[in-house]
Amino acid sequence: MKGAVLYGPRDIRYVEREGPTIIEPTDAIIRLPATCICGSDLWPYRGIDPVTQPTPMGHEYVGIVEEVGSAVKNIKPGQFVVGSFFASDNTCPICQAGYQSRCVRAQVMTSIGTQAPLARIPLADGTLVATPDLPSDDLIPSLLATSDVLGTAWFAADAAHVQPGATVAVVGDGAVGLLGVLAAKQMGAERIIAMSRHAPRQQLAREFGATDIVSERGDEGVARIKDLTDGLGAHSVIEAVGTQESMLQAIRATRPGGYVGYVGVSHGVQLPGEELFFAEVHLFGGPAPVRRFLPHLINLVCNRTIDPGKVFDLTLPLAQVAEGYRAMDERRAIKVLLRP
Ligand SMILES: [Zn+2]
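None of these values were measured; they are calculated from a predicted model. (Residues numbered from 1 in each chain as written. Predicted model: local features only at pLDDT ≥ 70, side-chain atom pairs only at ≥ 80, totals over all residues. Heavy atoms only, no water.)

Colleague: Got a sec to walk through the sheet that holds strand 10 (residues 118-121)? Specific residues and values, please.
Modeller: Pairing within the open sheet is antiparallel, and its five strands lie in the order 10-3-6-7-11. In the strand order of this sheet, the two ends are held by strand 10 and strand 11 (129-130), each with one partner. Where strand 7 (residues 80-82) meets strand 11, two bridges bridge the pair, whose relative direction is antiparallel. Across the sheet, the residue bridging to Val82 is Val129, located in strand 11. Strands in contact with helix 4 (residues 140-147) are strand 6 (62-68) and strand 7; relative to strand 7, the strand with the most contacts, it is inclined by about 35°. (Pairing = 2+ DSSP bridges. Helix = DSSP H or I, 4+ residues; strand = E, 2+ residues; numbered from the N terminus. Contact = heavy atoms within 4.5 Å. Axes fitted to C-alpha atoms, helices over the stretch in contact; angles between N-to-C directions.)

Colleague: Give a detailed account of the coordination of the zinc ion, specifying residues and quantitative values.
Modeller: Looking at the zinc ion, the protein donor atoms are Asp89 (OD), Cys92 (SG), Cys95 (SG) and Cys103 (SG), and they sit 2.1 to 2.3 Å from it. Each of the four donor atoms around the zinc ion contributes to a set of angles spanning 93 to 125°, which defines the coordination as tetrahedral. Mapping the donors of the zinc ion onto the primary sequence gives the spacing D-x2-C-x2-C-x7-C. Remark: Cys103 occurs in the loop between helix 2 (93-96) and strand 9 (107-108) and Asp89 occurs in the loop between strand 8 (86-87) and helix 2; sequence separation between them is 14 residues. Since its relative accessible area comes to 11%, Asp89 is described here as buried. (Donors = N, O, S within 2.8 Å, 3.2 Å for Na, K, Ca; no water. Tetrahedral: all angles 85-135°; square planar, octahedral: opposite > 155°, others 65-115°. Buried < 20%, exposed > 50% of the residue type's maximum accessible area, 1.4 Å probe, protein only.)

Colleague: Outline the pairing of strand 15 (residues 234-239), supporting the account with residue identities and numerical values.
Modeller: Of all six residues that make up strand 15, five are buried, and the element is covered over most of its length. The pairing of strand 12 (residues 167-171) with strand 15 spans four bridges and is parallel. In the sheet register, Val171 faces strand 15, and the bridge partner there is Glu239. Judged from the five bridges that link them, strand 15 and strand 16 (residues 254-262) form a sheet pairing that is parallel. Looking at the pairing, Ser236 lines up with Tyr259 of strand 16.

Colleague: Just give me the short version of the packing of aromatic side chains, but keep the residues and values in it.
Modeller: Within this structure, the stated rule accounts for six aromatic pairs. The interplanar angle of 75° and the centroid separation of 5.7 Å between the aromatic rings of Phe155 and Phe284 together place this pair among those described as edge-to-face. Separated by 129 residues along the polypeptide, Phe155 in helix 5 (residues 149-159) and Phe284 in strand 17 (residues 282-285) bring together distant segments of the chain. The class for Phe155 is buried, based on a relative accessible area of 2%. (Phe/Tyr/Trp six-rings, centres within 6.5 Å; stacked < 30°, edge-to-face > 60°.)

Right under this line is the structure:
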């Protein structure tokens, strides 16, 4: 089969690569009607995460089960399934506590590469959640969004302890930040402040439920959030970037006693201890245990309560994956859907 393979900085190719086979008896093979490019794929694409050998790309997926290994009991060929970027057994003590991204048997899907027509899914019974029926084609982008960006945003809002009536600020206007707005709205936030300087992203933030937009960044952005909250800061802040500036912006925009949920993959973030001590805010985050939220999110999509697939503002054939990466790298697209 052909799939997306990264050869070096800004060198992604649609090339012949090995097709998936059942390796472990707990594996399943799925056929993907669509796949996508993640903001986190841009770290290796830009050479910030070094690439030492040709690397298959992609970790978000939905699909129809084609084949299962001999030990798979619950997942059946013909089902439509969604999974997260960490395969997990969903039975170990860490999974049972709801932290499937840190499962003792976790396998990261970036090692498999789902920007391809077929993919091997490890630990299929634990990893995959089947939809109640075969979804209509128009639901596929939203189901694909649950696989990572919505699941991650939902975890961020949960980690930021979003409560009904709360004021929430969102740092980052990529797909995760925008869906953080949607998650906060679903959790009953009254005021949602989206930090964005890009008009199309501001517009989508408003569609998802943002009540205020702050276009300033850094200290100025923090000052604007203080202005909007009687000088106190937000109850809950979602951090969806992963840089030093965005993390400090999130902490400084949070009121004492408030919560920061951070899901931007941390790159070079160093927190000043003394400032953290006196900030007196809760910090929680990490790689989202998307599996915990998948049944609920799939239900919200299938009954058309939410439409997270709106974050896909560019659809391309998988063969044009290189153009998809360029569009996201240059911020011409929020998120790119690829059709094998
Ligand atoms: Zn586990």
